Every structure is written in structure tokens, then in C-alpha cells.
Amino acid sequence: APCRLPPPACGSANGPTAEGEPSMGELVVGYEGTCARIQWAMDARRLHSQSRGGLSRRFTVQLLGREVPFVFFVTAAADGAEAPRGRGMEVALQLKCVDAAGLSGTRFSVRFTVGSHIPPRMASDDHDFASAPLCSLSAQDSLWDLGPQASAPKCILGAEVRPNALKF
């Protein structure tokens, strides 16, 4: 089951608009049981101005009783080029586990969120960070159209990570 924390939002002011929502540039991790929800408040205009590489942010998540380092990647489609006419900027999200020691044998459900105007997308319901550190959406689902939020002062990008039952 997905986390039941409030959905992220796009287009709000620079400061927090809901309890637990990050301020501009801030990344916060919230927990509901074993489910970790990562929310990163970023300026989509800044991403659009990046000529290559997109943006990334390092952080830690408490999983299985230990702190696990991750990197959240956000990349604009076609190096920041505009999406087809009538659409906003498109971005791809990826989550990389930097050190999966101690996660071996555990599979994770991982889904991504962009604002509250687009339904969350499941990247995997059986991801093994020990064998595949990078988790992303399938090629056909990888791009998110930010729509009018591409010019908003703040957009919340997110990921949810939940351990599944141990598999041996």
C-alpha cells in the first residue's frame, strides 16, 4: 500500500504550505511505519535553466533500522528543452541507493510523485537496491509533464520507498 502522507504540491509560495512540506530547496523525509516519503522542494525554473546534467540531492533514509544514503536525480528532457507545444517542461526522476549494505535480501516498493496534479507512478513493487542501485520508471512512463508548474515558484518532487517482506 502507498504511504498515506499528504500529497506533494506544485505552485505554492516559497515557504511551507502544509505541515511537513519542505521550504524551497529543502529535502525532507517523513515516515509512516516502514514507508519513507521523500519530498524535495525545487524551483522548476532553475532546472529549466540547467544546460546539462539536471539536479541531484544526497540524503539518508532510515530503512530496516539503519541510515541508508541515497541520491535523488531530476533531469529535464532534452537537456531542458521545452516539451511539445501546449505542454510544460518534462522531467525524469531517479533514486539511487549509494550504499546498499544491509539491504540484501529485501525488496522495496518505490513510487515517484510530482506535485498533486499528477497521480503517483509505481517504479517497482519488487526493487532490489543491493543488485540494482538505481531505480527509475520504465521508459514509457519516465517523463513527467510539469505543465504550468514549470514556471511556478516551487514544485515538490517526491519518492516513496517501502520495504516488502524479506526474501531469502
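Everything quoted here is computed from the prediction, not taken from an experiment. Per chain, residues are indexed from 1 in the order of the written sequence. It should be noted that, the model being predicted, local features are given only for residues of pLDDT at least 70 and side-chain atom pairs only at 80 or more, the latter also being counted only at that level, while totals for whole chains, interfaces and linings use all residues. Side-chain figures throughout are based on the complete set of non-hydrogen atoms in the structure, without hydrogens or water.

This part takes up the nonpolar core. Take the buried Ala, Val, Leu, Ile, Met, Phe, Trp, Tyr and Cys residues and link them wherever side-chain atoms come within 4.5 Å; each set so joined is a nonpolar core. Burial here depends on accessible area, computed with a 1.4 Å probe over protein chains only, as a share of the maximum for the residue type. Under 20% is buried, over 50% is exposed, and the range in between is partly exposed. Residues F70, F72, L93, L95 and F129 are the most contacted members of the largest nonpolar core, which totals 36 residues. Here a helix means four or more residues in a row that DSSP labels H or I, a strand means two or more in a row labelled E, and each is numbered from the N terminus. Listed by contribution, the elements that provide at least two residues to this core are β2 (35-42), β3 (55-63), β4 (66-76), β5 (90-97), β6 (106-114) and β10 (155-166). Top element by residues in this core is β4. It accounts for five residues.

Between 30 and 60 degrees the pair is tilted, below 30 it is stacked and above 60 it is edge-to-face, where a pair is any two Phe, Tyr or Trp rings, Trp via its six-membered ring, whose centres lie within 6.5 Å. In the structure shown here, the tally under the stated rule is five aromatic pairs. Centroid distance F108 to F129: 5.6 Å. Interplanar angle 55°. Geometry classified as tilted. Of this pair, F108 sits in strand β6 while F129 is found in the loop between β7 (121-127) and β8 (134-136), placing the two residues 21 residues apart along the sequence. Residue F108 is classed as buried on the basis of its relative accessible area, which comes to 0%. Residue class for F129 comes out buried when judged on its relative accessible area of 1%. Site record: aromatic cluster; members linked through ring pairs are F59, F70, F108 and F129. The ring of W144 carries R121 above its face, with NZ or CZ at 4.0 Å from the centroid. Each ring is checked for a lysine NZ or an arginine CZ that lies within 6 Å of its centre and within 35 degrees of its normal; such an atom marks a charge sitting over the ring.

Put simply, the protein chain has an average pLDDT of 79, and 71% of its residues get 70 or more. Within the protein chain, β8 carries the highest mean pLDDT (97), whereas helix α1 (residues 44-49) carries the lowest (69). Every residue in residues 4-17 scores below 50 in pLDDT, and together they form 49 contacts with partners more than four places removed in sequence or on other chains. One confidence number per residue, pLDDT, is output by the predictor and ranges from 0 to 100. Whether two residues touch is decided by their heavy atoms; if any such pair falls within 4.5 Å, the residues are in contact. The low-confidence segment residues 79-86 (pLDDT under 50) makes seven contacts with residues lying over four places distant or belonging to another chain.

Another point: the environment of N164. Along the chain, N164 falls in strand β10. Its relative accessible area of 19% is what places N164 among the buried residues. The sequence separation of N164 and F108 amounts to 56 residues, and the corresponding C-alpha distance is 5.3 Å. Discounting chain neighbours no more than four positions away, the residues touching N164 are T106, R107, F108, S109, D125 and D126. Within 3.5 Å is the distance limit for a polar contact, defined as a pair of N or O atoms, with the added protein rule that one can donate a hydrogen and the other accept it, and that residues adjacent in sequence qualify only through two side-chain atoms. Here the side chain of N164 touches D125 through a polar contact of 2.8 Å, landing on its backbone oxygen. For N164, the side chain forms a polar contact with the side chain of R162, separated by 3.4 Å.

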